[in-house]
Amino acid sequence: GGAYWKTMNQVLQKLNQKLALMSQGEDSVVRLSLTASSISDKLASFKAKPPPIQKDMLAICNDPYTLAQQLTHVELEHLGHIGPEEFVQAFVQKDPLDTTQPCFSDHKKTSNLEAYVRWFNRLCYLVATEICMPGKKKQRAQVIEFFIDVARECFNIGNFNSLMAIISGMNMSPVSRLKKTWGKAKTAKFFILEHQMDPTGNFYNYRTALRGAAHRSQTANSSRERIVIPFFSLLIKDIYFLNEGCANRLPNGHVNFEKFVELARQVGEFMTWKQVECPFEQDRTILHYLHTAPIFSEDGLYLASYESESPENQVEKDRWKALR
């Protein structure tokens, strides 16, 4: 298998370069499938003073544990709809990392998969919106601390997809530039979580945590301990690269058995995880809010961000002028 691992290594390096973009906060994964139409803008309400009564997340749910449980509901709901054939179908022709072209060949057969990616994007933008919305610095810092706690509860539950979406949302430039706001928030826990999801070494820390969760899941007595929700975009890329990056046959003409064993293992593991019953009670109000709360577009986020903390440099000043 020497040649196999060499190919695999090159593939992973390519993946790493692409994922490195992510760690610079450049929302590349987040942009996977974001369409303007899926984003309604709060800007109109934002500019009107005083603002109309706009519900916010903390008014709907101020308990991080409860919100993490409801996010887990949404994740398991999406996972439940995705069958193994969607993976195979998704990779028939296109490179899923090339976001310039639709990456799915037969749209209908992969619509659940795309809906799931859209949910990830929505959650990123929802988190960013909730942080940029409040007019007062103290409130914004409170929202940051709240989402850090929600992310930690997601980690404890084994919900890595929501965890990654929350961290991505907090790392978006309009949010990360709010230096005074971050200065007011207690962020030690955030950096620990961010370290867990650091793309370095092809997401080494995350993969270690995922193995731990998978192990816990196998020996679990309750469905609560059985929950494993992988960071989905990465799982797709792994399976894609395994499929594309490794030949079906070895140079000697024999079937590349290792490749198929590994593919079967990864898809099989996923099939086990998606069958977990969600042990938490549904909270309709929170779920409704998660699915329907209006969110800013990227421009909207920048505008709200500059309103909250004035542009620092010429680049920001120019962008602000262009947006207004």
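The name recorded for the chain in an unreviewed UniProt entry is RasGEF domain family member 1C, from Gadus morhua.

Visitor: Help me understand the overall build of the chain, please; the structure alone is not making it clear to me.
Guide: Counting its secondary structure elements, the chain contains 18 helices and zero strands. Here the analysis covers contacts within the chain between residues at least 6 apart in sequence; of these, 77% occur between residues at least 24 apart.

Visitor: Would you take a moment to explain the packing of aromatic side chains for this structure?
Guide: Each aromatic ring pair is specified by the distance between its two centres and by the angle formed by the two planes. Per the stated rule, a full pass over the model turns up 14 aromatic pairs. Measuring from centroid to centroid gives 6.3 Å for Tyr-206 and Phe-231, while their planes differ by 80°, and the two rings are edge-to-face. You can see Tyr-206 sitting in helix α12 (residues 200-218) and its partner Phe-231 sitting in the loop between α13 (223-226) and α14 (232-245), a full 25 residues away along the chain. The residues Tyr-206 and Phe-231 share a single accessibility class, namely buried. Each member of the aromatic cluster is reached from another via a ring pair, and the members are Phe-120, Phe-155, Phe-160, Phe-203, Tyr-206 and Phe-231. When the ring centre of Tyr-302 is taken as reference, the NZ or CZ atom of Arg-319 above it lies at 3.9 Å. The ring centre of Trp-320 lies 4.0 Å from the NZ or CZ of Arg-324, which sits over that ring.

Visitor: Looking at this structure, how should I read the packing of helix α6 (residues 111-132) against helix α8 (residues 160-171)?
Guide: Two quantities define a packed helix pair, namely the angle between the axes and the distance from one axis to the other. α8 packs onto α6 with a crossing angle of 45° between their chain directions and a minimal axis gap of 8 Å. In this view, α6 runs oblique relative to α8, as classed from their interaxial angle. When the axes of α6 and α8 are compared, the crossing they make is right-handed. Contact residues: Tyr-116, Phe-120, Leu-123, Cys-124, Val-127, Ala-128 and Ile-131 in α6; Asn-161, Ser-162, Met-164, Ala-165, Ile-166, Ser-168, Gly-169 and Met-170 in α8. In terms of residue class, the contact of α6 with α8 is built from 11 nonpolar, four polar and no charged.

Visitor: What should I look at first to understand unusual backbone geometry in this one?
Guide: A negative phi angle is the norm for most residues apart from glycine, just as the trans form is the norm for most peptide bonds. Residue Asn-202 is not a glycine yet carries a positive backbone phi of 50°. Secondary-structure assignment places Asn-202 in helix α12. Despite not being glycine, Phe-203 has its phi angle at roughly 60°, a positive value. Along the chain, Phe-203 turns up in helix α12. Owing to a relative accessible area of 0%, Phe-203 belongs among the buried residues under this scheme.

Visitor: What is the right way to look at the pattern of salt bridges in this model?
Guide: If you walk through the whole model with that rule in mind, you get seven salt bridges. The partner of Arg-207 in a salt bridge is Asp-238, with the nearest N and O atoms 2.7 Å apart. Taken as a pair, Arg-207 in helix α12 and Asp-238 in helix α14 lie far apart in primary sequence, 31 residues in all. Accessibility expressed as a relative area gives 24% for Arg-207, which makes it partly exposed. Taken together, the shared-partner salt bridges in this structure form one network comprising Arg-211, Glu-262, Arg-265 and Glu-269.

Visitor: Explain the nonpolar core here, please?
Guide: If you look at the biggest cluster of nonpolar residues, it comprises 80 residues, and the most contacted ones within it are Leu-67, Phe-147, Met-170 and Phe-232. The biggest single contributor to this core is α6, with 12 residues. Setting aside anything within four residues of it in sequence, one finds Phe-232 in contact with Leu-79, Ile-82, Phe-87, Leu-113, Tyr-116, Asn-161 and Phe-270.

Visitor: I tried to follow a positive patch on the surface on my own but got confused; where do I start?
Guide: Where like charges cluster on the molecular surface, the positive patch consists of Lys-137, Lys-138, Lys-180 and Lys-184. Counting only elements with at least two residues in the positive patch, the list comes to α7 (137-157) and α10 (179-184). With respect to the element layout, Lys-184 can be found in helix α10.

Visitor: Where do I start with the environment of Val-228 in this structure?
Guide: Note on placement: Val-228 falls in the loop between α13 and α14. Along the backbone, Val-228 and Glu-269 are 41 residues apart, and their C-alpha atoms lie at a distance of 9.8 Å. With near-sequence residues (within four places) excluded, Val-228 lies in contact with Gly-158, Leu-210, Ala-213, Ala-214, Arg-216, Ser-217 and Trp-273.

Visitor: Quick question: what am I supposed to make of α14 here?
Guide: Owing to its 3.6 residues per turn, the α-helix aligns residues three or four sequence positions apart on the same side. Between its terminal C-alpha atoms α14 stretches 19 Å, which fits the 20 Å expected from 14 residues at 1.5 Å a residue. α14 sits mainly inside the fold: 12 of its 14 residues count as buried. Of the positions making up α14, those classed as buried are Phe-232, Ser-233, Leu-234, Leu-235, Ile-236, Lys-237, Asp-238, Ile-239, Tyr-240, Phe-241, Leu-242 and Gly-245.

Thresholds, definitions, all that
Residues numbered from 1 in each chain as written. Predicted model: local features only at pLDDT ≥ 70, side-chain atom pairs only at ≥ 80, totals over all residues. Heavy atoms only, no water. Helix = DSSP H or I, 4+ residues; strand = E, 2+ residues; numbered from the N terminus. Contact = heavy atoms within 4.5 Å. Phe/Tyr/Trp six-rings, centres within 6.5 Å; stacked < 30°, edge-to-face > 60°. Buried < 20%, exposed > 50% of the residue type's maximum accessible area, 1.4 Å probe, protein only. Lys NZ or Arg CZ within 6 Å of the ring centre and 35° of its normal. Axes fitted to C-alpha atoms, helices over the stretch in contact; angles between N-to-C directions. Parallel < 35°, antiparallel > 145°, perpendicular 65-115°, else oblique. Left-handed = near helix turned anticlockwise from the far one by under 90°. Nonpolar A, V, L, I, M, F, W, Y, C, P; charged D, E, K, R; others polar. Salt bridge = Lys/Arg side-chain N within 4 Å of Asp/Glu carboxyl O. Core = buried A, V, L, I, M, F, W, Y, C linked by side-chain atoms within 4.5 Å. Patch = residues over 30% accessible without salt bridge, like charges linked within 9 Å, V, L, I, M, F, W, Y side chains within 5 Å. Areas by Shrake-Rupley, 256 points an atom, 1.4 Å probe, with all protein chains shown as cover. Lys, Arg positive; Asp, Glu negative; His and termini not counted. Charge placed at Lys NZ, Arg CZ, Asp CG, Glu CD. Expected span 1.5 Å × (residues − 1).

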